[in-house]
Amino acid sequence: MRAMIMDALAEPLEVRDVEAPRAPDGGVVVEVFATGLCKSDWHAWVGHDDVTLPHVPGHELAGLIVEVGAGVQRWHVGDRVTVPFVMGCGVCEWCLSGNAQVCPDQQQPGFTQWGSFAERVVLRAADTNVVRIPDGVSFEAAAALGCRFATAYRALTGRARVQAGEWITVVGAGGVGLSAVMIGAALGARVIAVDRTPAALTAARRLGAEHAVVADGSDIPAAVHELTGGGSHVSVDAVGSAQTARDAVLSLRRRGRHVQIGLLPTSDGMSAMPMARVIAWELDLLGSHGMAAVDYPEMLSLIASGALRPQELIERVVGLGEAAALLPTMDAASPAGMTMVDPRRD
């Protein structure tokens, strides 16, 4: 099969032929029809995640099952499927309680194993992790769920428990930030989008943001407090930097809830937060690490009904060759939406 190969950290990627995978016991092989290009892939490429070289990145995917391993009960060749970016083991207490997204023995395509920037990918513990794509949902829309959309959905519904009429500040209007904007608006919340790129803010307004604030070095928390009359009920850092996390937390009103989605890589693994404000105003700091397969049906039913439209977040579709050139630029680029990869295109 053709695949995008990472032979060294932070070096150019090469698209070449490699041996196709076989289905392991309990797992399946999926022919990839769509896979998202995400900043998390950049983190792996630059060395923020431990990967074994040579490596194939890619973790947001959808496609058709082409091979089924021994012991799989629920899946057959030809099924249209997607998968969360965290695959649980299926047998630990976290998986059995419906929280596979924090499984201590988790596997992640594109990180702990070869990923979906290839014509085929292995999905393990398929009966626990694989999700059926409804007939009315496209492969591209389903692939958009794998990391950014599903993470934003659970962050707002399962973690922050956003209510209609509440103010939400979303810092960063890339793929996950725009997902949060769309979902927040669909929940009836009043959304403020913050980004440094005018095109991203235009997209945020189109997707439901009531206000758009340009991150141009000005005082973002002060602007939010003025717009909301005291701060947001919920804030989301969809970028992952000390500045964006600080701005998001300081944008909250008293007893507000902050959800950290963007990764915060530091040399010692510790990330600064304005804890004096957290303590004095009794703020909640929440992490969100994707969404388990068991939680997908509610979200997929909203997509099938048209209430949520992740396909509107897709900015462009490229082949593996163009994706290999784009991935190293993800840290500096500011796309107003998602780039989707079709490994069959080149």
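Residues numbered from 1 in each chain as written. Predicted model: local features only at pLDDT ≥ 70, side-chain atom pairs only at ≥ 80, totals over all residues. Heavy atoms only, no water.

Chemist: If you had to explain the overall build of the chain to someone new, which residues and values would you point to?
Modeler: When its secondary structure is counted, the chain shows 11 helices and 15 strands. With respect to the three principal axes, the spread of C-alpha positions in the chain is 60 × 40 × 40 Å. The proportion of buried residues among the 346 residues of the chain is 55%. Relative to all contacts within the chain whose residues are 6 or more apart in sequence, the contacts with residues 24 or more apart total 70%. About 13900 Å² of surface is accessible on the chain, with carbon and sulfur atoms providing 51% of the total. Placing the 27 positive and 38 negative side-chain charges of the chain at their respective mean positions leaves the two points 6 Å apart. (Helix = DSSP H or I, 4+ residues; strand = E, 2+ residues; numbered from the N terminus. Buried < 20%, exposed > 50% of the residue type's maximum accessible area, 1.4 Å probe, protein only. Contact = heavy atoms within 4.5 Å. Areas by Shrake-Rupley, 256 points an atom, 1.4 Å probe, with all protein chains shown as cover. Lys, Arg positive; Asp, Glu negative; His and termini not counted. Charge placed at Lys NZ, Arg CZ, Asp CG, Glu CD.)

Chemist: Just give me the short version of the environment of alanine 100, but keep the residues and values in it.
Modeler: Take alanine 100: it is sitting in the loop between helix H2 (93-96) and strand S6 (120-123). Residue classification places alanine 100 among the buried residues on the basis of a relative accessible area of 6%. Each C-alpha atom, one on alanine 100 and one on glycine 90, is 7.4 Å from the other, the two residues being 10 residues apart in sequence. Those residues in contact with alanine 100, other than ones at most four positions away along the chain, are Val86, Gly88, Trp94, Cys95 and Ala292.

Chemist: Outline the environment of threonine 197, listing residues and values.
Modeler: Note on placement: threonine 197 falls in the loop between strand S9 (190-195) and helix H6 (198-206). When the C-alpha atoms of threonine 197 and alanine 173 are compared, they prove to be 8.4 Å apart, with 24 residues separating the residues in sequence.

Chemist: So what about the nonpolar core? Which residues, and what values?
Modeler: Within the largest apolar cluster, 55 residues are counted, with the highest numbers of intra-cluster contacts made by Phe149, Leu156, Ile168, Val181, Tyr296, Met299 and Ile303. Tallying contributions element by element places helix H4 (residues 139-159) first for this core, with 12 residues. By size, the runner-up hydrophobic cluster in this structure holds 24 residues, among which are Val18, Ala118, Ala323 and Ala324. (Core = buried A, V, L, I, M, F, W, Y, C linked by side-chain atoms within 4.5 Å.)

Chemist: Please provide a residue-by-residue account of the sheet that holds strand S12 (residues 252-260), values included.
Modeler: Strands in a sheet are paired, the pairing made by backbone hydrogen bonds, and the direction either parallel or antiparallel. If you trace the 6 strands from one edge of the open sheet to the other, you get S10-S9-S8-S11-S12-S13, paired in parallel fashion. The open sheet has two edge strands, strand S10 (211-214) and strand S13 (284-287), and neither has a second partner. The mean inter-strand angle of the sheet, taken between neighbouring strand axes irrespective of direction, is 20°. Relative to S10, S9 is paired through 4 bridges, and the arrangement is parallel. Bridge pairing in S10 places isoleucine 192 opposite histidine 211. On top of the sheet, helix H7 (residues 220-228) reaches strand S8 (167-171), S9, S10, strand S11 (232-237) and S12; it is set at about 160° to S10, its chief contact. (Pairing = 2+ DSSP bridges. Axes fitted to C-alpha atoms, helices over the stretch in contact; angles between N-to-C directions.)

Chemist: Explain the packing of aromatic side chains to me, and be specific about the residues and the numbers.
Modeler: Overall, the coordinates contain 1 aromatic pair when judged by the stated rule. Looking at arginine 277, its charged tip hangs above the ring of tryptophan 281, at a distance of 4.1 Å from the centre. The cationic tip of arginine 344 hangs over the ring face of phenylalanine 33; the distance from NZ or CZ to the ring centre is 3.9 Å. (Phe/Tyr/Trp six-rings, centres within 6.5 Å; stacked < 30°, edge-to-face > 60°. Lys NZ or Arg CZ within 6 Å of the ring centre and 35° of its normal.)

Chemist: If you had to explain the packing of H4 against helix H5 (residues 175-186) to someone new, which residues and values would you point to?
Modeler: Between H4 and H5, the shortest axis-to-axis distance is 8 Å and the interhelical angle comes to 45°. Viewed along their axes, H4 and H5 adopt a mutual orientation that is oblique. In terms of crossing hand, the pair formed by H4 and H5 is right-handed. Each of Arg148, Phe149, Ala152, Tyr153 and Leu156 in H4 lies in contact with H5, whose residues at this interface are Gly175, Val176, Ser179, Ala180, Met182, Ile183 and Gly184. Along the lines of polarity and charge, the residues of the contact of H4 with H5 split into 8 nonpolar, 3 polar and 1 charged. (Parallel < 35°, antiparallel > 145°, perpendicular 65-115°, else oblique. Left-handed = near helix turned anticlockwise from the far one by under 90°. Nonpolar A, V, L, I, M, F, W, Y, C, P; charged D, E, K, R; others polar.)

Chemist: Can you tell me about H7, naming the residues and giving the values?
Modeler: Those residues of H7 that fall on the buried side of the exposure criterion are Ile220, Pro221, Val224, His225 and Thr228. An end-on view of H7 places all buried positions within 135° of arc, on one side of the element. Capping of H7 at its N-terminal end is provided by aspartate 219; its side-chain oxygen lies 3.1 Å from the backbone amide nitrogen of alanine 222. Phi for glycine 229, located one or two positions after H7, is positive at around 70°. (Arc of directions from axis to C-beta. Polar contact = N/O pair within 3.5 Å; in protein donor to acceptor, adjacent residues only side chain to side chain.)

Chemist: Quick one: what's the story with unusual backbone geometry, residue by residue and with numbers?
Modeler: Each neighbour pair has its own omega, and for leucine 53 with proline 54 the value is -5°, a cis peptide bond. Summarising the element assignment, proline 54 is placed in the loop between helix H1 (39-46) and strand S4 (60-68). The phi dihedral of alanine 10 falls on the positive side, at around 55°, and the residue is not glycine. Positionally, alanine 10 belongs in the loop between strand S1 (2-5) and strand S2 (14-17). For alanine 10, a relative accessible area of 37% gives the class partly exposed. Within the chain, arginine 161 stands out as a residue other than glycine whose phi angle is a positive 50°.

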